[in-house]
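# Coordinate inspection notes
Listed here are the chains, written in short residue letters.
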Amino acid sequence: IINTTPVGQFPFVGEYPQIPYDAIGPKHVCLDLIYNPTETEFLRKCHARGAQTDNGLSMLYAQAEASWLIWNGDKPV
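Cut-offs applied
- Residues numbered from 1 in each chain as written.
- Predicted model: local features only at pLDDT ≥ 70, side-chain atom pairs only at ≥ 80, totals over all residues.
- Heavy atoms only, no water.
- pLDDT = per-residue confidence, 0-100.
- Helix = DSSP H or I, 4+ residues; strand = E, 2+ residues; numbered from the N terminus.
- Phe/Tyr/Trp six-rings, centres within 6.5 Å; stacked < 30°, edge-to-face > 60°.
- Lys NZ or Arg CZ within 6 Å of the ring centre and 35° of its normal.

## Topic: the confidence of the model for the protein
Scored by pLDDT, the protein has a mean of 94; 96% of the residues are at 70 or more. Looking at the elements of the protein, mean pLDDT is at its lowest for helix α2 (residues 57-72), recorded as 90, and at its highest for helix α1 (residues 41-48), recorded as 98.

## Some thoughts on the packing of aromatic side chains
Considering all chains together, one arrives at two aromatic pairs under this definition. Members of the aromatic cluster, joined through ring pairs, are Y16, Y21 and F42. The lysine or arginine in question, K45, covers the ring of Y16, its NZ or CZ lying 4.5 Å from the ring centre.

## Concerning unusual backbone geometry
Note the cis peptide between F10 and P11, where omega equals 10 degrees. Here P11 lies in the loop between β1 (2-3) and β2 (29-32). That bond from N36 to P37 is cis: its omega, 10 degrees, falls within 30 degrees of zero. In this fold, P37 is placed in the loop between β2 and α1.

And the structure:
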């Protein structure tokens, strides 16, 4: 389950997508493209139900590295 919306992003950290969290369990992977805060309410709710969770920071880093390679043609420093 991927949250691609800004719901829960700073400064509205108490907000979260309105989905049936009771249907989430250990077989789910939940990603939030938000990285500020590092753990959103969406991720907290999913983690509490046993889901594996991650935020958008790793994607931001991967995009930065890919952009560097596109524009500079070599590995980033």
